[in-house]
Amino acid sequence: MIIYLACTVRGDRGGVLAGRVICERLEQHGHRVQTKHLLADDVDTAESQISERDVFRRDLEWLTACDVLIAEASGSSYGVGFEVGYVLGRAPVSGQRVILLYDVARRDRVSRLITGNEHAACTTFGYESIAALTAFIDQALG
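Summary of the structure given here.

## Section: helix H6 (residues 130–141)
Turning to step 1, where the next piece is worked out: When the terminal C-alpha atoms of H6 are compared, their 16 Å separation across twelve residues agrees well with the 16 Å that a helix rising 1.5 Å per residue should span.
Turning to step 2, where the next piece is worked out: Contacts made by the buried residues of H6 are with helix H1 (16–28), strand S3 (68–72), strand S4 (97–103) and strand S5 (122–127).

This is the structure we're talking about:
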């Protein structure tokens, strides 16, 4: 499958370690992660080399092309919220799915639109450990 892995780029990067684990596990299962570069420590510097319009156009192309959007939503991010809303808004026609993941230790800082999401095309999972996160990825996308 083609996976769009959404994570915070300019905001709270507290979920990056989990994002790296998710990406590695997805690739072990043979999936292609379009947005792997977002997990690099210098992502904001690298992305600033591209115009904002080009980032917008590129990301919309990737969002349109993905089979599943997986969002590590432990950090506050308008971009991740936009990406999730874009895919869920198209899901009835596109057949795309969204998986929302967040660290339960950070639940009080995670938007209630994430933790309470019960859209038919969305699965939400709060993980308590990297082991639980890995097991979930294996079960959901293995």
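More follows now that the structure is in view.
## Remarks on the pairing of strand S1 (residues 2–6)
Turning to step 1, where the next piece is worked out: Extensive coverage of S1 is indicated by the burial of four of its five residues.
Turning to step 2, where the next piece is worked out: In this structure, S1 lies alongside strand S2 (residues 32–33), joined through two bridges in parallel fashion. Note on S2: the bridge partner recorded for Ile-3 is Val-33.
Turning to step 3, where the next piece is worked out: Where S1 lies against S3, four bridges are found, and the strand directions are parallel. Across the sheet, the residue bridging to Tyr-4 is Leu-69, located in S3.

## Here we look at the side chain of Asn-117
Turning to step 1, where the next piece is worked out: Considering the arrangement of structural elements, one finds Asn-117 in the loop between helix H5 (112–115) and S5.
Turning to step 2, where the next piece is worked out: From its side chain, Asn-117 meets the backbone nitrogen of His-119 in a polar contact 2.8 Å long.

## Quick notes on the sheet that holds S4
Turning to step 1, where the next piece is worked out: Across the sheet, five strands lie side by side as S2-S1-S3-S4-S5; this open sheet has parallel pairing. Sheet topology places S2 and S5 at the edges, where each strand pairs with a single neighbour.
Turning to step 2, where the next piece is worked out: Examined bridge by bridge, S3 and S4 share five bridges and lie parallel to one another. Following the sheet pairing, Leu-69 is matched in S4 by Val-98.
Turning to step 3, where the next piece is worked out: On top of the sheet, H1 reaches S1, S2, S3, S4 and S5; it is set at about 150 degrees to S3, its chief contact.

## Points about the environment of Arg-106
Turning to step 1, where the next piece is worked out: By the element assignment, Arg-106 lies in the loop between S4 and H5.
Turning to step 2, where the next piece is worked out: Put simply, Arg-106 and Ser-74 are 32 residues apart on the chain and 6.4 Å apart in space, counted from C-alpha to C-alpha.

Cut-offs applied
- Numbering of residues begins from 1 in every chain and follows the order in which that chain's sequence is written.
- Per-residue local features are limited, in this predicted model, to residues with pLDDT of at least 70; the limit for side-chain atom pairs, both in listing and counting, is 80 or more; totals at the level of whole chains, interfaces and linings are taken over all residues.
- Calculated side-chain values reflect all of the structure's heavy atoms, with hydrogen atoms and water omitted.
- Numbering of helices and strands starts at the N terminus; helices are DSSP runs of H or I of at least 4 residues and strands are runs of E of at least 2.
- By this rule, a helix spans an expected 1.5 Å times one less than how many residues it contains.
- It only takes one pair of heavy atoms within 4.5 Å for two residues to be counted as in contact.
- Buried residues are those whose accessible area, probed at 1.4 Å on protein chains only, stays under 20% of the maximum for their type, while exposed residues exceed 50% and partly exposed ones sit between those limits.
- Pairing between two strands is assigned when DSSP locates at least 2 bridges connecting them.
- A 3.5 Å cut-off defines polar contacts: any pair of N or O atoms within that distance qualifies, except that in protein one atom must be a possible hydrogen donor and the other a possible acceptor, and neighbouring residues in sequence count only when both atoms are side-chain atoms.
- Axes here refer to lines fitted to C-alpha atoms; in helices the fit is confined to the stretch in contact. Angles between the N-to-C directions go from 0 to 180 degrees.

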